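Understanding the architecture of this molecule
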Amino acid sequence: MKVLVCISQVPDTVTKIVLKDNNTAVEENGVTYIINPYDEWYALVRALELKESGIVEAVHVIMVGRANTEATIRKALAIGGDEAIRIDADSNDCYQIASYIADYAKAEGYGLVLCGKESIDYANGAVGPMLAELLDTDFIGFATNIAVDGNTATVKREIDGGEETDSANLPLVISCQKGVAEARIPNMRGIMTARTKPLKTVTPSAVDAVTKVSRYEMPPAKAGVKLIAPDQMDELVNLLHSEAKVI
Amino acid sequence: MSVIVLIEHTEGTIKKKSLEAVQYAAGIANKLGTSATAVATGTITEDELKSLGQYGANKVLHVADDRLNDLHARAVTRVLVAAAKQENSPVIVTLHDVNGRTIAPRVAVQLKAGLISGALSLPDTGNNFETKKSAFSGKAFAYVTAPTEVKVIMLAPNTFPLQKGEGNATVEPFNVSFEDKDFGIKVQSVDKVTGEVPLADAELVVSGGRGMKGPENWGLIENLAHELGAATACSRPVADSHWRPHHEHVGQTGGTIRPNLYIAAGISGAIQHLAGVSGSKTIVVINKDPEAPFFKAANYGVVGDVMEVLPRLTEAVKKFKAEHH
Ligand SMILES: Cc1cc2nc3c(=O)[nH]c(=O)nc-3n(C[C@H](O)[C@H](O)[C@H](O)COP(=O)(O)OP(=O)(O)OC[C@H]3O[C@@H](n4cnc5c(N)ncnc54)[C@H](O)[C@@H]3O)c2cc1C
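All of the points below concern the structure found in this document. Fair warning: this is a prediction, and the values are worked out from it, not measured in the lab. (Residues numbered from 1 in each chain as written. Chains lettered and ligands numbered in written order. Predicted model: local features only at pLDDT ≥ 70, side-chain atom pairs only at ≥ 80, totals over all residues. Heavy atoms only, no water.)

**Focus on the sheet that holds strand E15 (residues 261-265) of chain B**
In sheet architecture, strand pairing relies on hydrogen bonds along the backbone and comes in two forms, parallel and antiparallel. Reading across from one edge, E15(A)-E17(B)-E16(B)-E15(B)-E13(B)-E14(B) is the order of the 6 strands in this open sheet, with parallel pairing throughout. Strand pairing shows two members of the sheet lacking a second neighbour, strand E15 (226-227) of chain A together with strand E14 (231-234) of chain B, which therefore form its edges. The strands that helix H6 (residues 233-242) of chain A touches are E15 of chain A together with E15, strand E16 (282-287) and strand E17 (300-303) of chain B; relative to E17 of chain B, the one it contacts most, it runs at about 170 degrees. In the packing of helix H9 (residues 306-323) of chain B onto the sheet, contacts are made with E15, E16 and E17 of chain B, and the angle to E16 of chain B comes to roughly 135 degrees. (Pairing = 2+ DSSP bridges. Helix = DSSP H or I, 4+ residues; strand = E, 2+ residues; numbered from the N terminus. Contact = heavy atoms within 4.5 Å. Axes fitted to C-alpha atoms, helices over the stretch in contact; angles between N-to-C directions.)

Right, here's the structure in full:
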């Protein structure tokens, strides 16, 4: 079985966000881009673990992005992916992204498609379930543990106020979060071999976007912290009641 | 025409966040000059469903199929799509939670609808439904538009305070025919964290970091949480050291929460931690280091030792409750 891991490129958490063009765009200069952590640390690493335990033959990584995202996708190969596919398109709308990936994946017959629970830029988390809908498979979201036995996956996932264990037949789309695997750091050998691994570029057929970010806004500056002396906890409680109105 | 909203319930009791979703859907319906229709699945009484009228639903479509007491996303997708078609809906609302986020994207694909996630505002119906959401782990807001005929919107829980009104919704049985594949996922076991407030939806959260020194001191966090009726959370190193279970860990690699009140005790406020909590309406930070970065994100700060401050705060809450009863 082959596994497809969907990855996206996002600004690093520590990056300062600066707006430009009358707040309709984010300044890209100075932004450090990384593989979306949920995709890298959990989805990709679990796919590699499944390969190491002999359940999976090959791990493919796929990303929708322009040529300037190739360094990010190479990193996924350095961590251990066998082959990468870059769909040469902008990645602004979940439906577009899911459609492009579904078109590619359909012909390849992946047993398992893994993605992160959401991207840390817009936190939509919609590509996975959309992909499942487009591929006519089941989707299990927010997985904390994935086991595969033959044609069946057993998946622990977050539910409202707890955890549930589900099983489903392959092919299946799963979104991953903490618990599924432990992050790995690419080693020198991985980095060297990544250079020679196949990175395929695919030109998708056009799909219309169904959403667009029209503008951005910075959160209002914090008014500043109000300090309360440690022996004045009655005052804090009163402020939380009468000023903040939260208790 | 009617705005559709999906209801979630726990063993027949409608979740508070679903009441928020109904109120939100009614707000959109009001802007569009139409009504709101709630959709409920599984075992739930007619009286409970009627009460949705108090939050603005005119009608409830109820699929009383007890297979739907578990989340079967494909089956619920089918229900929502059928309801949207019957009601000629311009908008379908779900919550931006684990259930909504599993179902809404599927519905959006079937209806060729623009999907807006994590909504923090009522859409600007005159402007392609421009809706505010959080972006870049709370470092900015993005406004998303959807030019499609139908829109699917996932509302972030705890965004709007509930306002209970008068009225009863009419309840209609709703029949949908399912296929086997709609129930392809088999639920093997369910492990609910009982007796506690679920963290993801909690309005009040008390959280501890490495400054708590060890699991033996967590009683201080729990006592305060108990007095407040709050959920408990922690920073990543606390979960990594197994002082607390992993589902309590919030931040970039853990859960994202947006409570009304977040009390952080002995947490430094690293950016990766803030990524999960910066949407909180009010932040109280207790830290003995006046230079801790968390104070910059806080509304109220106490520079002091958690071991002394937490018991005092707990006592103060107790006293406050006694006086306000
Ligand atoms: C890629 C990545 C992802 C990460 N994801 C997350 C995440 O999801 N969530 C997360 O929380 N972290 C995450 N981290 C870790 C994060 O960077 C911080 O290391 C972590 O949040 C620190 O936890 P802490 O504040 O509890 O501990 P510390 O940094 O050790 O801070 C403890 C604080 O307690 C205070 N203190 C100590 N004793 C007392 C006392 N007696 N009374 C009062 N105050 C006291 C200290 O002054 C200090 O400010 C991530 C890091 C990386 C690199």
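**What to know about the sheet that holds strand E8 (residues 112-116) of chain A**
Reading across the sheet, the 10 strands line up as E13(A)-E7(A)-E6(A)-E1(A)-E8(A)-E12(A)-E9(A)-E10(A)-E11(A)-E12(B) and stay open at both edges, with mixed pairing between neighbours. Both edges of this open sheet fall to strand E13 (199-202) of chain A together with strand E12 (186-192) of chain B, since each of them pairs with a single strand only. Each adjacent strand pair in this sheet contributes to an overall mean axis angle of 30 degrees, direction not counted. As paired strands, strand E6 (residues 58-64) of chain A and strand E7 (residues 83-87) of chain A are joined by 5 bridges and run parallel to one another. Along E7 of chain A, the bridge assignment pairs Ile 62 of chain A with Ile 85 of chain A.

**As for empty space enclosed by the protein**
Scanning the entire structure with this criterion turns up 2 cavities of 30 Å³ or more. In this structure, the largest cavity encloses a volume near 90 Å³. The wall of the largest cavity is formed by 16 residues, among which Phe 139 and Arg 157 of chain A together with Leu 71, Ala 73 and Ile 185 of chain B lie closest to the centre. Contributing elements (two or more residues each) for the lining of the largest cavity: strand E9 (138-149) and strand E11 (162-169) of chain A together with helix H3 (73-87) of chain B. Considering every element that reaches the lining of the largest cavity, the biggest residue donor is E9 of chain A, with 4 residues. Class assignment of the residues belonging to the lining of the largest cavity gives a composition of 6 nonpolar, 4 polar and 6 charged. Lining the second largest cavity are Val 10, Pro 11, Asp 12, Thr 13, Ile 17, Ile 120 and Asp 121 of chain A together with Phe 136, Ser 137 and Lys 139 of chain B. When grouped by side-chain class, the residues that make up the lining of the second largest cavity number 5 nonpolar, 2 polar and 3 charged. (1 Å grid on protein atoms, 1.4 Å probe; cavity = no way out; pocket = protein on both sides within 12 Å on 5 of 7 lines; lining within 4 Å. Points joined across faces, edges and corners; volume = space filled by probe spheres on them. Nonpolar A, V, L, I, M, F, W, Y, C, P; charged D, E, K, R; others polar.)

**Describing the site of the ligand**
Around the ligand there are 26 residues in total, and Lys 213, Ser 235, Ser 268, Gln 272 and His 273 of chain B lie nearest to it. This site is not confined to one chain, since residues near the ligand come from chains A and B. One of the backbone N or O atoms of Arg 236 of chain B is found 2.9 Å from an oxygen atom in the ligand. In this structure, Val 250 of chain B approaches the ligand through a main-chain N or O atom, which is 2.8 Å from a nitrogen atom. (Near = heavy atom within 4 Å. Polar contact = N/O pair within 3.5 Å; in protein donor to acceptor, adjacent residues only side chain to side chain.)

**So, H3 of chain B**
Count 3.6 residues to each turn of an α-helix, and residues three or four apart come out pointing the same way. All names here are of chain B. With 15 residues, H3 should cover 21 Å at 1.5 Å per step; its first-to-last C-alpha distance of 21 Å lies within 8% of that length. Among the residues of H3, those classed as buried are Ala 73, Arg 74, Ala 75, Val 76, Thr 77, Val 79, Leu 80, Val 81, Ala 83, Ala 84 and Glu 87. Among the residues trailing H3, Asn 88 stands out with phi positive, at a value near 55 degrees. (Expected span 1.5 Å × (residues − 1). Buried < 20%, exposed > 50% of the residue type's maximum accessible area, 1.4 Å probe, protein only.)

**A closer look at the interface of chain A and chain B**
A common measure of how large an interface is: the accessible area buried when the components associate. Taken together, the contact pairs 77 residues of chain A with 87 residues of chain B. Taking both partners together, chain A and chain B bury about 6,900 Å²; carbon and sulfur atoms supply 57% of that area. Along the contact surface separating chain A from chain B lie 11 salt bridges. In this structure, the salt-bridge partner of Lys 15 of chain B is Asp 160 of chain A, at a minimum N-O distance of 2.5 Å. Scanning the region where chain A abuts chain B turns up 39 residue pairs in polar contact (both at pLDDT 80 or more). Among the secondary structure elements, those contributing two or more residues to the side of chain A that touches chain B are helix H1 (37-52), helix H4 (127-135), E9, strand E10 (152-159), E11, strand E14 (212-217), E15 and H6 of chain A. For the side of chain A that touches chain B, a count of residues per class yields 41 nonpolar, 14 polar and 22 charged. Judged from the 2 bridges that link them, E15 of chain A and E17 of chain B form a sheet pairing that is parallel. Along E17 of chain B, the bridge assignment pairs Leu 227 of chain A with Gly 301 of chain B. (Buried area = accessible area lost by both parts, 1.4 Å probe. Salt bridge = Lys/Arg side-chain N within 4 Å of Asp/Glu carboxyl O.)

All quantities given are derived from atomic positions and should not be read as evidence of function.
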